[in-house]
Amino acid sequence: MKNFLLKHWLKIIGPIVGALGGYIYYVKVGCLSGTCPITSDPTNSTLYGALLGFLLFSMFSKNTKKEIAEDKIDEK
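Before going into details, it helps to say that this report is about the structure given with it. (Residues numbered from 1 in each chain as written. Predicted model: local features only at pLDDT ≥ 70, side-chain atom pairs only at ≥ 80, totals over all residues. Heavy atoms only, no water.)

Right, let's get into the overall build of the protein. Regarding its fold elements, the protein presents four helices and zero strands. Each helix and strand of the protein, placed in order from N terminus to C terminus, yields the pattern α-α-α-α. Evaluated residue by residue, the protein yields a buried proportion of 17% over its 76 residues. Within the protein, residue pairs in contact and separated by at least 24 positions form 55% of the contacts whose partners lie at least 6 positions apart. Accessible surface computed for the protein: about 6100 Å², of which carbon and sulfur atoms make up 68%. (Helix = DSSP H or I, 4+ residues; strand = E, 2+ residues; numbered from the N terminus. Buried < 20%, exposed > 50% of the residue type's maximum accessible area, 1.4 Å probe, protein only. Contact = heavy atoms within 4.5 Å. Areas by Shrake-Rupley, 256 points an atom, 1.4 Å probe, with all protein chains shown as cover.)

So this is what it looks like as structure tokens:
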């Protein structure tokens, strides 16, 4: 478990930071008319932020060919 957390910590922290950012965006900017599909509801804004956080932070993680092969062996 500890090895998994050390290997994938960016992919775990990314959605947390993104969700926090999405919720803060909803609170500070939001949507006054209520017709905005993402920012009119805190749940949508938070989930969208978590997705963007995951995508952004996962860009910075390294996946070498050796690590990919080790992951496939570990799955068996």
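Anyway, onward from the coordinates.
Turning our eyes to something else, we now look at the packing of aromatic side chains. Tallied over the entire structure, the rule returns one aromatic pair. Centroid distance tyrosine 23 to tyrosine 26: 6.1 Å. Interplanar angle 40°. Geometry classified as tilted. Here the residue tyrosine 23 and the residue tyrosine 26 both occupy positions in helix α2 (residues 9-28), the gap between them amounting to three residues, near one helical turn. Owing to a relative accessible area of 41%, tyrosine 23 belongs among the partly exposed residues under this scheme. For tyrosine 26, a relative accessible area of 25% puts it in the partly exposed group. (Phe/Tyr/Trp six-rings, centres within 6.5 Å; stacked < 30°, edge-to-face > 60°.)

Among the structural elements, threonine 39 can be located in the loop between α2 and α3 (42-58). Sequence-distant contacts of threonine 39, defined by excluding residues within four places in its chain, comprise Tyr25, Tyr26, Gly30 and Cys31.

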